[in-house]
Amino acid sequence: MSRVLPWTVLALAAALVAAPATARSQDVRVVAAQRQRGAEEQLDVKIQFGAGELNLAPAPAGTLYRSRFRYDARNFEPVVEYSAGKLHIGLESPGRVSVRRSQASELDLALGPDVALALDLQFGAAQADLELGGLNLRRAVIATGASETTLRFSRPNTGQAEYLRLNAGAAAFRAYGLGNANLSRLEVEGAVGDIVLDFSGQWRSDMTASVKVGLGSLTLNLPRGVGVRLAREGVLAKIDAHGLVRDADGYYYSEDWGSARHKLTLRLDAAFGAVNVRWVDVDLAAP
Amino acid sequence: MYPPTRSERKATRWLLVSALFVAGMTGAAPALDKPLDAQEARIVSSEVALSRDVAGLTIEVDGGRSVRIALRNGVIEIDGVRAGTYDRNGRLDRAWRDLLNDAMEASGDDLVALLKGWQAPDGEAGARISEALASVLDGARTLVVRGTLNVGGIADAEAPTQDTIERLNERIRELEARLRESSDEAVLKAELRQEIEREVHERLRREQRAQQSDRGWARPFRYIGKGMTGLVSTLSTFLVMALIGFAVVFFGRKYLEGVADTARHATLRSGLVGLAASFLVLPVFILGIIGLVISIVGIPLLLVWIPLFPIAVVLAAAFGYLAVAHAAGEALAERRFYGGDWFRLGNSYYYVLTGLGILLALFIAAHVVQMAGPWFNFLYGLLKFLAVMLTWAAVSIGLGAVLLSRAGTQPQVPAPEPEPETPSGLFEEEANV
């Protein structure tokens, strides 16, 4: 509660400050675009979204992508460029636009589940809800500025993902169901803020994760049944690694490291702040 | 934009004739209400745009055919060309927007069915939109004319949707006549435009010449004007600082004097402390933020720390500057006043006033020199540089003195010399006398 209150106060203050700006007359425009899947086997998606609300989800089968923008036409124009399996989508502004003014923008994007996806997502001061479960994700780079981002793999990834790179600036970043991502390599870099990495889900392969956190708190939700080995760098961060045993070399291990079917190797570099480890009970092989 | 030449007009006319002939030939089939190749289309991509002024739909189907239909500010546009008008918020506008709202949510076959099933409201404009949609969705290569002819800038909104070859020939003649008229009109417009441009250029040249002559005459006064502006600005600063200084003396003379005493008696130390403080202000500010964030429970204090710290620094610097002015005024007074003058003028208000005068004197001198013209630019620059350096030194010493004396509560003044011990025997002897 004590941690929610200041943010609530800040949000209310920001809303009050932003109110006169948003109350000014706007030319709100809604643009929806979609494309059906043709012969495409792969889709490279580049998303650039300055500020506002961003939602990403799987599209129905047969659809390559669907997008829906809501924005102020006086300050922005949408970009939807598609050519030969490459999609560039986002909002562009001809001039400088204050973050306050761009808060009202929205982008709902749905991507096809039938094609192999390479995702390059960059967004600034945004509130983002990214549901990547059920897609055929091969690799993804997600870079956020000052944002509140929730990334979820509610369903298993249908492909084998090579890597997932998350770069969070001054942000609250939460990733749930990373076990469903069927991911070989996870790289997380966080500057300032709260980061939650939840590794629950259906594990199908081993994962290597590298997590670098500057200032803030990092919470690791580790599923029981997955062997965990944690290597820690950085001396100032406080780590609460209950459930892990430390060996002579300074590595932390889960008790079932040797016998577990799937393994998670974590390299953790936290400068300041707190690292919390939580254990969650999940059915690792649930359909 | 120049009007077309005679040869261009001729070429355009032949192109028009050829295009309409081809259109007429290919349009023979639609005239019989039978599309050439009616086949079910698959929508490859679609884009819907809705706003207060625009309601647009772009669809692309298999085979690369596409159509762009937009209702924009009362005008119907098909593939970017005006194809008629509509009433805003009228039946057609509402029906079209309803269709687009549904189209945003539909995809694939549903979208095809939705668009094909759309019933345009009665009227030619609605029929034209329906036909444009059908031309793409049915895969029919229907008549090209489709009310979108644009000849020599004339949008033919009233063109019929399906024509016979005879009617087309008739329309060719009609359009040729209109093209001739519009060409004559265009030539006239171009001549008029050239004439206006010539006149505007001539007027601009006259105005430029007048401005140049004015500038030469006004040059000597420019320096006087600049100098006067600077002088007024400095005097205003003096007045404002003096008023603030009086308020400080009135409400907190003890503290101001404490800081002033520290600045006088520990000038070097105050200067060094002030210098160090000015360098450390930013790191302290940032470290404070980090510390509060790390402590988590201190996060609410950020709301106080972030705005109040800079304000406190600025207030401390201003307070210090006034204290230095006070010290300078007091030092001057000690050299000037004798006897009863002390009782009349020896007070803090006077010190602040004269001290501020001392600190700002160089600025005033610089602006007076500036008024003399460009010949004394070097002297002006030198005086201004010295004035800025003096101000910077005063602020540094003042800030340091504020810190050393804890805002004047603990003045750093030398301890008073011990009074000489009174020889007790003397009094005893006197007593004996």
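Parameters and conventions
Residues numbered from 1 in each chain as written. Chains lettered and ligands numbered in written order. Predicted model: local features only at pLDDT ≥ 70, side-chain atom pairs only at ≥ 80, totals over all residues. Heavy atoms only, no water. Helix = DSSP H or I, 4+ residues; strand = E, 2+ residues; numbered from the N terminus. Buried < 20%, exposed > 50% of the residue type's maximum accessible area, 1.4 Å probe, protein only. Contact = heavy atoms within 4.5 Å. Areas by Shrake-Rupley, 256 points an atom, 1.4 Å probe, with all protein chains shown as cover. Expected span 1.5 Å × (residues − 1). Bend = angle between axes of the 7 residues up to and from the residue. Patch = residues over 30% accessible without salt bridge, like charges linked within 9 Å, V, L, I, M, F, W, Y side chains within 5 Å. Salt bridge = Lys/Arg side-chain N within 4 Å of Asp/Glu carboxyl O. Polar contact = N/O pair within 3.5 Å; in protein donor to acceptor, adjacent residues only side chain to side chain. Phe/Tyr/Trp six-rings, centres within 6.5 Å; stacked < 30°, edge-to-face > 60°. Lys NZ or Arg CZ within 6 Å of the ring centre and 35° of its normal. pLDDT = per-residue confidence, 0-100. Pairing = 2+ DSSP bridges. Axes fitted to C-alpha atoms, helices over the stretch in contact; angles between N-to-C directions. Parallel < 35°, antiparallel > 145°, perpendicular 65-115°, else oblique. Nonpolar A, V, L, I, M, F, W, Y, C, P; charged D, E, K, R; others polar.

Here we look at the overall build of chain B
- Regarding its fold elements, chain B presents twelve helices and seven strands.
- When each of the 433 residues of chain B is scored for burial, the buried share is 37%.
- In chain B, 64% of the contacts between residues at least 6 apart in sequence involve partners at least 24 apart.
- Accessible surface for chain B amounts to roughly 26,300 Å². Of this, 62% is attributable to carbon and sulfur atoms.

Comments concerning the overall build of chain A
- The secondary structure content of chain A amounts to two helices and 18 strands.
- In chain A, which comprises 287 residues, the proportion classed as buried is 49%.
- Of the roughly 12,800 Å² that chain A leaves accessible, carbon and sulfur atoms contribute 52%.

Focus: helix α10 (residues 348-370) of chain B
- With 23 residues, α10(B) extends 33 Å from end C-alpha to end C-alpha; this agrees with the ideal 33 Å at 1.5 Å per step.
- In α10(B), a bend of some 45° at Leu360(B) exceeds every other bend along the element.

Description of a nonpolar patch on the surface
- A grouping of Trp375(B), Phe376(B), Phe378(B), Leu379(B), Leu382(B), Phe385(B), Leu386(B), Met389(B) and Trp392(B) is seen on the molecular surface, where their side chains present a nonpolar patch of about 1,000 Å² in accessible area.
- Summarising the element assignment, Met389(B) is placed in helix α11 (residues 377-404).

Quick word on the pattern of salt bridges
- In total, this model carries 18 salt bridges over all chains according to the counting rule given.
- Among the salt bridges present, the one from Arg72(B) reaches Glu77(B), with a minimum N-O distance of 3.3 Å.
- For Arg72(B), a relative accessible area of 34% puts it in the partly exposed group.
- In the salt-bridge network here, residues are joined through shared partners; they are Asp129(A), Glu131(A) and Arg152(A).

Some words on the interface of chain B and chain A
- Each partner contributes residues to the interface: chain B has 27 residues there, and chain A has 22 residues.
- Scanning the region where chain B abuts chain A turns up one salt bridge.
- Of the charged contacts, one joins Glu60(B) and Arg35(A) as a salt bridge, the two residues approaching to 3.6 Å between their closest N and O atoms.
- Where chain B meets chain A, there are eight residue pairs in polar contact (both at pLDDT 80 or more).
- For the side of chain B that touches chain A, the elements supplying multiple residues, two or more each, are β1 (43-51), β2 (54-61), α3 (91-105), α4 (108-116) and α7 (267-295) of chain B.

Details of the packing of aromatic side chains
- In the structure shown here, the tally under the stated rule is eight aromatic pairs over all chains.
- By the ring-pair criterion, three or more aromatic residues cluster together here, those being Phe285(B), Trp305(B) and Phe309(B).
- The ring of Tyr251(A) has Arg229(A) sitting right over it, with the charged end atom 4.5 Å from the ring centre.
- A cation over a ring is seen here: Lys263(A) above Trp257(A), with NZ or CZ 5.6 Å from the ring centre.

Details of the confidence of the model for chain B
Residue and element names in this part refer to chain B.
- Per-chain confidence: chain B averages 76 in pLDDT, with 74% of residues scoring 70 or above.
- Mean pLDDT per element in chain B: helix α2 (residues 28-31) is the minimum at 38, and α11 is the maximum at 91.
- A low-confidence stretch, residues 15-38 (pLDDT under 50), is modelled with 32 contacts involving residues beyond four sequence positions or located in other chains.
- Counting interchain partners and residues more than four positions distant, the pLDDT-below-50 stretch residues 422-433 has one contact.
- On the interface metric, ipTM, the complex scores 0.71, and its pTM is 0.52.

Focus: the environment of Asp62(B)
Residue and element names in this part refer to chain B.
- Along the chain, the position of Asp-62 falls in the loop between β2 and β3 (66-72).
- Given a relative accessible area of 37%, Asp-62 falls into the partly exposed group.
- Distance in space between the C-alpha atoms of Asp-62 and Leu-137 is 9.6 Å, their sequence separation being 75 residues.
- If near-sequence neighbours (up to four positions away) are discounted, Asp-62 is found in contact with Arg-42 and Val-44.

Things to note about the side chain of Ser67(A)
Residue and element names in this part refer to chain A.
- Mapping Ser-67 onto the fold places it in strand β3 (residues 63-72).
- Owing to a relative accessible area of 4%, Ser-67 belongs among the buried residues under this scheme.
- Once residues lying within four places of it in the same chain are set aside, the contact partners of Ser-67 are Val-31, Ala-32, Ala-33, Val-80, Ile-89, Leu-107, Asp-108 and Leu-109.

Thoughts on α11(B)
- A rise of 1.5 Å per residue sets the reference length of α11(B), with its 28 residues, at 40 Å; its end C-alpha atoms lie 40 Å apart and thus fit the reference within 8%.
- The first or second residue beyond α11(B) is Arg406(B), which carries a positive phi of 50°.

Some remarks on the pairing of strand β18 (residues 274-280) of chain A
Residues and elements named next belong to chain A.
- Going residue by residue along β18, you find Val-275, Val-277 and Trp-279 tucked away on one face and Ala-274, Asn-276, Arg-278 and Val-280 left uncovered on the opposite face.
- Pairing of strand β12 (residues 207-223) with β18, which is carried by seven bridges, proceeds in the parallel orientation. Across the sheet, the residue bridging to Ser-217 is Ala-274, located in β18.
- Taken together, the three bridges between strand β14 (residues 238-240) and β18 define a ladder with parallel strand orientation. Residue pairing in the sheet places Asp-240 in a bridge with Asn-276 of β18.

What to know about unusual backbone geometry
- Non-glycine residue Ala84(A) carries a positive phi angle of around 45°.
- As for its position among the elements, Ala84(A) is in the loop between β4 (77-83) and β5 (86-92).
- Within the chain, Asn89(B) stands out as a residue other than glycine whose phi angle is a positive 65°.
- Inspection of the secondary structure puts Asn89(B) in the loop between β5 (81-85) and α3.

Observations concerning the environment of Phe238(B)
All names here are of chain B.
- Relative to the elements of secondary structure, Phe-238 occurs in helix α6 (residues 165-265).
- A relative accessible area of 22% places Phe-238 in the partly exposed class.
- In this structure the C-alpha to C-alpha distance between Phe-238 and Gly-357, which are 119 residues apart in sequence, comes to 7.3 Å.

Quick notes on the packing of α7(B) against α11(B)
Residues and elements named next belong to chain B.
- Between α7 and α11, the shortest axis-to-axis distance is 6 Å and the interhelical angle comes to 95°. Here α11 runs roughly perpendicular to α7, going by the angle between their axes. Seen from α7, the contacting residues are Thr-267, Arg-269, Ser-270, Gly-271, Val-273, Gly-274, Leu-275, Ala-277 and Ser-278; seen from α11, they are Trp-392, Ser-396, Ile-397, Leu-399, Gly-400, Ala-401, Leu-403 and Leu-404.
- The residue inventory of the contact of α7 with α11, partitioned by class, reads nine nonpolar, seven polar and one charged.

Examining the confidence of the model for chain A
Residues and elements named next belong to chain A.
- Looking at chain A as a whole, the pLDDT averages 81, with 83% of positions reaching at least 70.
- In this model residues 1-24 is a low-confidence stretch, pLDDT under 50, and it forms twelve contacts with partners more than four residues away in sequence or in other chains.
- Residue range residues 97-102 is modelled with pLDDT below 50. Its contacts to residues more than four positions away, or to other chains, number 15 contacts.

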